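# Observations on the three-dimensional arrangement
Residue-level listing of the chains:
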Amino acid sequence: MRFDNVYFFNGSAYAGKSTMVKRLAEKYDGIACEENYHEALMDSIDYEEFPNLGYMAQLTDWADFIRRTPEEYASWVAGGSKECEILELRILEELVTKTDKKIFVDTNISPETLREISDVNHVMIMLADPQISVSRFFDRPDREKQFLYQLLLQEKDPSAAMANFRECLSRINSQENYDMFLHSGFHVLLRDEKRSIEETMQIVEKYLNLLN
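What comes next is a walk through the structure. The model shown is predicted, which means the values in this text are computed figures rather than measured ones.

## Overview of the packing of aromatic side chains
Using the criterion set out here, one finds 15 aromatic pairs in the structure. Residues tyrosine 7 and phenylalanine 104 carry aromatic rings whose centres are separated by 5.3 Å and whose planes lie at 20 degrees to one another, so their mutual orientation is stacked. On the criterion of sequence distance, the pair formed by tyrosine 7 in strand β1 (residues 6-11) and phenylalanine 104 in strand β3 (residues 103-106) is long-range, its members being 97 residues apart. Given a relative accessible area of 0%, phenylalanine 104 falls into the buried group. A cation over an aromatic ring shows up here: arginine 68 above the ring of tryptophan 76, its NZ or CZ 4.4 Å from the ring centre. Looking at lysine 145, its charged tip hangs above the ring of phenylalanine 137, at a distance of 5.0 Å from the centre.

## Regarding the sheet that holds strand β4 (residues 123-127)
Across a sheet, strands are paired by hydrogen bonds formed along the backbone, either parallel or antiparallel in direction. Within the open sheet, the five strands sit side by side as β2-β3-β1-β4-β5. Their pairing is parallel. Edge strands, defined here as strands with exactly one partner in the open sheet, are β2 (31-33) and β5 (187-190). Within the sheet, the average angular offset between the axes of one strand and its neighbour, ignoring direction, is 20 degrees. When β1 meets β3, the two strands line up parallel, connected through four bridges.

## As for the pattern of salt bridges
Tallied over the full model, the rule gives twelve salt bridges. We note a salt bridge from aspartate 142 to lysine 145, for which the minimum N-O separation is 3.3 Å. When the shortest N-O distance is used, the salt bridge between glutamate 193 and arginine 191 registers 2.9 Å. Given a relative accessible area of 56%, glutamate 193 falls into the exposed group. Note on arginine 191: relative accessible area 31%, which makes it partly exposed.

## A closer look at the packing of helix α7 (residues 143-153) against helix α8 (residues 158-172)
Closest axis-to-axis distance for the α7/α8 pair is 8 Å, and the angle between their directions is 135 degrees. Classed by the angle they form, the pair α7 and α8 counts as oblique. The segment α7 lies against α8, with Leu148, Tyr149, Leu152 and Leu153 engaging Pro158, Ala161, Met162 and Phe165. In terms of residue class, the contact of α7 with α8 is made up of eight nonpolar, no polar and no charged.

## Observations concerning unusual backbone geometry
If you check the backbone angles, tyrosine 14 has positive phi at about 65 degrees while not being a glycine. Inspection of the secondary structure puts tyrosine 14 in the loop between β1 and α1 (17-27). Residue tyrosine 14 is classed as buried on the basis of its relative accessible area, which comes to 7%. Phi at asparagine 209 takes a positive value of approximately 60 degrees, unusual for a residue other than glycine. Mapped onto the secondary structure, asparagine 209 falls in the segment after α10 (197-207). Overall, the relative accessible area of 37% leaves asparagine 209 in the partly exposed class.

## A word on the pairing of β3
Of the two faces of β3, both are covered, the one formed by Ile103 and Val105 as well as the one formed by Phe104 and Asp106. In this sheet, β3 lies alongside β2 in parallel orientation, the contact comprising three bridges. Paired with isoleucine 31 across the two strands is isoleucine 103, which belongs to β3.

## Topic: the side chain of serine 133
The topology assignment puts serine 133 in helix α6 (residues 132-135). Judged by relative accessible area, which is 3%, serine 133 ranks as buried. Residues in contact with serine 133, not counting those within four places in the same chain, are Ala13, Tyr14, Leu169 and Asn173.

Criteria and cut-off values
Residues numbered from 1 in each chain as written. Predicted model: local features only at pLDDT ≥ 70, side-chain atom pairs only at ≥ 80, totals over all residues. Heavy atoms only, no water. Phe/Tyr/Trp six-rings, centres within 6.5 Å; stacked < 30°, edge-to-face > 60°. Helix = DSSP H or I, 4+ residues; strand = E, 2+ residues; numbered from the N terminus. Buried < 20%, exposed > 50% of the residue type's maximum accessible area, 1.4 Å probe, protein only. Lys NZ or Arg CZ within 6 Å of the ring centre and 35° of its normal. Pairing = 2+ DSSP bridges. Axes fitted to C-alpha atoms, helices over the stretch in contact; angles between N-to-C directions. Salt bridge = Lys/Arg side-chain N within 4 Å of Asp/Glu carboxyl O. Parallel < 35°, antiparallel > 145°, perpendicular 65-115°, else oblique. Contact = heavy atoms within 4.5 Å. Nonpolar A, V, L, I, M, F, W, Y, C, P; charged D, E, K, R; others polar.

Such coordinate-based values are descriptive only and should not be taken to indicate function.
Next up, the structure:
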């Protein structure tokens, strides 16, 4: 299925994807499918079919989450992204049948799949330095992030626990993943601290032909 009225935003954390999705949806009277919008289907999924997403839903001891090895963490994230893609596509397939509005999506859908379902001018890759996602992970006041931070501090060896978790983050925010997005063939916008949100939005609009 082709999604002709959907605009996809993928890339790395801290690159501004969620901000662009919200701002563009507001400007164009569109629909914003914000970060983790796949969670709308979480109550109805089969955890045997979606084991990585089911891991979080069935987790009974959060200490197990932060004690995983970097290899285990990276494998879980990769598997979860593939499962999220399935749910996202289900939501979008239904949504496009119900509206003619532009739909802006903060997505987990892979570049490979995006090449099959979308036009190159409907996909925006936004990237930040891979290390930002590691060094600034706990800077945001997100309840989930601060919860994990406190768990790490409660470990027997907080320094070792923090080092292990940062290595987990490094695995999923690797230079290899960054380069994959960079050379995906889609429009790429790199994070620039000197550029305002309005200036970033103007560049995105030009790339995605929204100004026509």
